[in-house]
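# Descriptive analysis of the structure
Residue-level listing of the chains:
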There are 2 protein chains.
Amino acid sequence: MAGHKIGALAKRTGTNAATIRYYEGIGLLPRPDRQDGNQRRYGEDDVGRLTFIRRCRDFGFSIEQVRTLSSLVQDRSRSCLEARDLAQGHLVAIRAKLRELKALEKSIAQFVEVCDAECVGGPGPDCVILDDLSGARPIATSCCAAA
Amino acid sequence: MAGHKIGALAKRTGTNAATIRYYEGIGLLPRPDRQDGNQRRYGEDDVGRLTFIRRCRDFGFSIEQVRTLSSLVQDRSRSCLEARDLAQGHLVAIRAKLRELKALEKSIAQFVEVCDAECVGGPGPDCVILDDLSGARPIATSCCAAA
DNA sequence: TATACAAGTTGAAGTAACTTGAGGTTCAAG
DNA sequence: CTTGAACCTCAAGTTACTTCAACTTGTATA
C-alpha cells in the first residue's frame, strides 16, 4: 500500500509522531487512510499540510490561528489579505517580544558582568547581585535594569 | 493588625492575588500570618521576596530556577557564583531565542511585504503566499525564509 | 444599625500545546 | 519463527498559571 507511515511523515516534517496524532485528534489534520493493520498512511498532500502547520507554529502562530490560516488555504475564494492581516498583527507582537528580549539580554549580561567583577572572591555574604534582585534599592545603576 | 492584605501586596508587586496564593501553595512563598478573620497579612520582607520572584520570572527563569535562586538568597554562605552560572546559562538561551526571533521577524515582514506587493488585488486563487507556506517549492527567495 | 458590595477564603477544574507512559498489536528482518 | 522496532489507543503528566463556584469577611454609607 502506498504512502508514508507516521514515522516517515514525522521524519520528513520534523514533527514528533505523537504530535501528528495530536493534531489529528484536534482536527488540525484530517484522519488519514488506514492500512490493513490499522496503521496510518499519509500522502504527499499530508506532507504539505503538516509542513504548513509546522511552519506556522514555528512562526509563533497559535493552533487556533493556524486553523484559520489552514481554512484560508482550503478556501481560496477568500482573500489572502486575511492571512496578511493575521501575519501583520503577529509581526507587531513579535517586535514587542523582541524589544523585551533585548532589554532582558542586556540586563542579564550586566548581571553576569557585575558578578564577575565583584563576586570573584567566591562564597560569602557580600554578594550585591541577589540584594539587587530583591529590590531593596533601585536596581538600574549597579546591576540589572528593571523590565 | 499590621501588614498588607493580599490585594495590596498584589498591587505593589504587580502580581495577581491568585498567583500569590499559588506561589504559597507550591512553597515558593512562605505561609504568611493570618488575621483574625483568616485573611493573609504580609510584611515588607514578603514584598521583597515576591518582587525578587517576579523579577526572576520576568527574566524568564523557570519556577524551579527561581527556587534555586531563592535558596541562594536565603543561604548566603553559598556562593553567589551559583547565581552567576545560572544567569550565564540563561543568557546563552536568551541569545539563541533572540536570534530565532530576529529571523522570524524578518520572515514575517517579508511575508507581509510580498502580500502587499502581489496580492493587492484582493480575493482570488492567485495568492502565492499560502502556497509558499505549504512548502510546495522552496520558500526563501520569494517569500519567507525557513526558520 | 442595617445593608450592600468589595475583597478575602478554599478547592477544583480549565488552559495551551504538547509529552510521556502503560499496555497491547503489527511489521520487517534475519 | 522469533525478535525488536514501530505502531496502536487512551489516560495522565507537564508548566505556570487563571478561572470558577460557593462561601465568609471587611468596610463604607444611609
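Here is a short report on the structure shown in this document. (Residues numbered from 1 in each chain as written. Chains lettered and ligands numbered in written order. Predicted model: local features only at pLDDT ≥ 70, side-chain atom pairs only at ≥ 80, totals over all residues. Heavy atoms only, no water.)

## Here's the deal with the overall build of chain A
As a reminder of what qualifies: Numbering of helices and strands starts at the N terminus; helices are DSSP runs of H or I of at least 4 residues and strands are runs of E of at least 2. Think of it in three bands: residues with accessible area under 20% of the maximum for their type are buried, residues over 50% are exposed, and the middle band is partly exposed, with areas taken using a 1.4 Å probe on protein chains only. Note on contacts: a residue pair is in contact if any heavy atoms of the two residues lie within 4.5 Å. All accessibility values rest on the Shrake-Rupley procedure with a 1.4 Å probe; residue burial counts only the protein chains present in the view.
Counting its secondary structure elements, chain A contains six helices and two strands. Reading the secondary structure of chain A in the N-to-C direction produces α-α-β-β-α-α-α-α. Counting the 147 residues in chain A, one finds 44% classified as buried. Residue pairs in contact within chain A that sit at least 24 positions apart in sequence constitute 49% of those at least 6 positions apart. Total accessible area on chain A stands at roughly 7,800 Å², and carbon and sulfur atoms take up 50% of it.

## Here's the deal with the protein's contact with DNA strand C
Put simply, the rule reads: Being near a molecule or strand, for a residue, comes down to having at least one heavy atom within 4 Å of it.
Around DNA strand C lies a shell of 21 residues, among which Thr19 and Arg57 of chain A together with Gly7, Arg21 and Arg40 of chain B are the nearest. When atoms of DNA strand C within 4 Å of the protein are split into backbone and base, the sugar-phosphate part holds 86%. Going through the elements one at a time, α2 (17–25) and α3 (44–58) of chain A together with α1 (6–13) of chain B are the ones with two or more residues in the surface near DNA strand C. Looking at the surface near DNA strand C element by element, the count peaks at four residues for α2 of chain A.

## Remarks on the packing of aromatic side chains
Residue and element names in this part refer to chain A. Applicable threshold: By convention, a stacked pair of Phe, Tyr or Trp rings (six-membered ring in the case of Trp) has centres within 6.5 Å and planes under 30 degrees apart, an edge-to-face pair has planes over 60 apart, and any other such pair is tilted.
For the structure on display, the rule yields two aromatic pairs over all chains. When the centroid spacing of 5.9 Å and the interplanar angle of 45 degrees are considered together, the rings of tyrosine 22 and tyrosine 23 count as tilted. A relative accessible area of 3% places tyrosine 23 in the buried class.

## Some words on the protein's contact with DNA strand D
So the rule is basically this: Pairs of N or O atoms are called polar contacts if they sit within 3.5 Å, as long as, within protein, a hydrogen donor faces a hydrogen acceptor (for residues adjacent in sequence, only side-chain-to-side-chain pairs).
With respect to spatial proximity, 21 residues lie near DNA strand D, and among them Gly7, Arg21 and Arg40 of chain A together with Thr19 and Arg57 of chain B are the closest. Of all DNA strand D atoms lying within 4 Å of any protein atom, the proportion belonging to sugar or phosphate reaches 88%. Here arginine 21 of chain A contributes a side-chain N or O atom positioned 2.7 Å from a phosphate oxygen of DNA strand D. A distance of 2.9 Å separates a phosphate oxygen of DNA strand D from a polar side-chain atom of arginine 34 of chain A. Those elements that place two or more of their residues in the surface near DNA strand D are α1 (6–13) of chain A together with α2 (17–25) and α3 (44–58) of chain B.

## So, the packing of α1 of chain B against α2 of chain B
Residues and elements named next belong to chain B. Quick reminder of the rule: All axes here are fitted lines through C-alpha atoms, helices being fitted over the stretch that makes contact, and every angle between N-to-C directions spans 0 to 180 degrees. Here is the rule for angles: anything less than 35 degrees is roughly parallel, anything more than 145 is roughly antiparallel, 65 through 115 is roughly perpendicular, and the remaining ranges are oblique. Each residue receives one of three labels: charged for Asp, Glu, Lys and Arg, nonpolar for Ala, Val, Leu, Ile, Met, Phe, Trp, Tyr, Cys and Pro, and polar for the others, Gly being one of them.
The geometry of α1 relative to α2 is characterised by a closest axis approach of 9 Å and an angle of 100 degrees between their N-to-C directions. Considering the angle they form, α1 stands roughly perpendicular to α2. Across the interface between the two elements, Ile6, Leu9 and Ala10 from α1 touch Ala17, Ile20 and Arg21 from α2. Considered class by class, the residues forming the contact of α1 with α2 number five nonpolar, no polar and one charged.

## Here we look at the pattern of salt bridges
Residues and elements named next belong to chain B. Cut-off, in case you're wondering: Every case where a carboxyl oxygen of Asp or Glu lies within 4 Å of a side-chain nitrogen of Lys or Arg is listed as a salt bridge.
This structure, assessed with the given rule, holds twelve salt bridges over all chains. For the salt bridge of glutamate 24 with arginine 40, the shortest nitrogen-to-oxygen distance reads 2.7 Å. Taken together, the residues span a long stretch of sequence, with glutamate 24 in helix α2 and arginine 40 in strand β2 (residues 40–41) at a distance of 16 residues. A salt bridge links aspartate 45 to arginine 49; the nearest nitrogen and oxygen atoms lie 3.9 Å apart. Of this pair, aspartate 45 and arginine 49 both sit in helix α3, four residues apart, which is roughly one turn of that helix. We classify arginine 49 as partly exposed; its relative accessible area is 23%.

## Regarding a positive patch on the surface
Here is the rule we go by: Patches draw on residues past 30% relative accessible area with no salt bridge. Two like charges within 9 Å are joined, as are two nonpolar side chains (Val, Leu, Ile, Met, Phe, Trp, Tyr) within 5 Å. When charges are counted, Lys and Arg are positive and Asp and Glu negative, with His and the chain ends excluded. Working definition for charges: the position is that of NZ of Lys, CZ of Arg, CG of Asp or CD of Glu.
Residues Arg99 and Lys102 of chain A together with Arg99 and Lys102 of chain B make up a contiguous surface patch of positive charge. When residues of the positive patch are traced back to their parent elements, those giving at least two are α5 (81–118) of chain A together with α5 (81–118) of chain B. Looking at the element boundaries, lysine 102 of chain A is found in helix α5.

## A closer look at α2 of chain B
Residues and elements named next belong to chain B. Put simply, the test is: As used here, the arc is the angular range of directions from the helix axis to the C-beta atoms.
When α2 is considered as a whole, its buried residues turn out to be Ala17, Ile20, Tyr23 and Glu24. In an axial view of α2, the angular spread of the buried residues amounts to 115 degrees, which keeps them on one side of the axis. Of the residues flanking the start of α2, the one acting as N-cap is asparagine 16, its side-chain oxygen 3.1 Å from the backbone nitrogen of alanine 18. Once α2 ends, the next one or two residues include glycine 27, with phi positive near 80 degrees.

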